[in-house]
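# Structural characterization, general
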Amino acid sequence: MLDFLKKEFKEFKEFAMRGNVIDMAVGIIIGAAFGKIIDSMVNDIIMPPLGWLMGRVDFTNLYLTMPTKLDELGHMPHYDSLEAAKAAGAVTINYGVFINTLISFLLVAFAVFLVIKCVNKIQAVIKKENDDEAALKEKVCPKCFSKIDVRATRCPYCTSEID
């Protein structure tokens, strides 16, 4: 049993120390930190002016109270804030928090799109440079149109002599 556990631990250690696993872990950590930055940007920079433009609305306080109990006059009780509603035990639909989360998601998705777009451009430039280097090392046989080494004097495919 002990040998089995040692073997399994050794395999796990080899798996965990692979470059891909470590890269993924770094990506997750950076992604979590990036998510916090985006949340702060939405909650502290974007939403306050947007709420101000919409008539001094605090999006985190936009909610609907579900009818669970009525006051002594038979009306639904009114709460001044989402925190007050939650403290009173009211069931709420927090659509303002959802709007903040949705905007956060859209910003993260847009940022990821921009990063991927930049990476794709860089990869295209690298591919073009590699293709250009390969083109300098190859030529086309005038008889069979196969790619051959630029130094070749005879085509290895059709055996034609190359000038």
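The numbering scheme is per chain: residues are counted from 1 as the chain's sequence reads. The model is predicted, so local features are restricted to residues of pLDDT at least 70 and side-chain atom pairs to those at 80 or more, both for listing and for counting; the totals for chains, interfaces and linings are taken over all residues. Based on all heavy atoms of the structure, the side-chain values leave hydrogens and waters out of the count.

### Points about unusual backbone geometry
Worth spelling out the cut-off: What counts as a helix is a DSSP run of H or I of at least four residues, what counts as a strand is a run of E of at least two, and both are numbered from the N terminus.
A positive phi angle is found at Phe145, which is not glycine, with a value near 65°. Mapped onto the secondary structure, Phe145 falls in the loop between β3 (138–140) and β4 (147–149). With phi around 65°, Thr159 is a residue other than glycine that occupies positive phi space. With respect to the helices, strands and loops of the structure, Thr159 is situated in the segment after β4.

### With respect to the environment of Lys147
We apply this condition: For every residue, the accessible area obtained with a 1.4 Å probe (protein chains only) is divided by the maximum for its type, and the residue is called buried under 20%, exposed over 50%, and partly exposed between those limits. Here, two residues are considered to be in contact whenever any of their heavy atoms come within 4.5 Å of each other.
Of note, Lys147 is situated in strand β4. A residue is classified by how much of its surface remains accessible, and Lys147, at 57% relative accessible area, is exposed. Each C-alpha atom of the pair Lys147 and Ala85 lies 75 Å from the other, and the pair is 62 residues apart in sequence. The contacts of Lys147, once residues within four sequence positions are left out, are Glu138, Lys139 and Tyr157.

### Details of the pattern of salt bridges
For side chains bearing opposite charge, pairing can occur when the charged atoms are close. Just so we agree on the cut-off: Salt bridge, as used here, is a side-chain nitrogen of Lys or Arg placed within 4 Å of a carboxyl oxygen of Asp or Glu.
Here the structure, examined in full by the defined rule, presents four salt bridges. A salt bridge links Asp132 to Lys128, with the shortest nitrogen-to-oxygen separation between them at 3.3 Å. Within this pair, Asp132 and its partner Lys128 are both found in helix α4 (residues 95–137), separated by four residues, close to a single helical turn. Asp132 sits in the partly exposed class, given a relative accessible area of 38%.

### Observations regarding the side chain of Ser81
With respect to the element layout, Ser81 can be found in the loop between β1 (64–65) and α3 (82–87). Taking the relative accessible area as the measure of exposure, Ser81 reaches 19% and is therefore buried. Ignoring anything within four residues of it in the chain, the contact list for Ser81 reads Asn61 and Tyr63.

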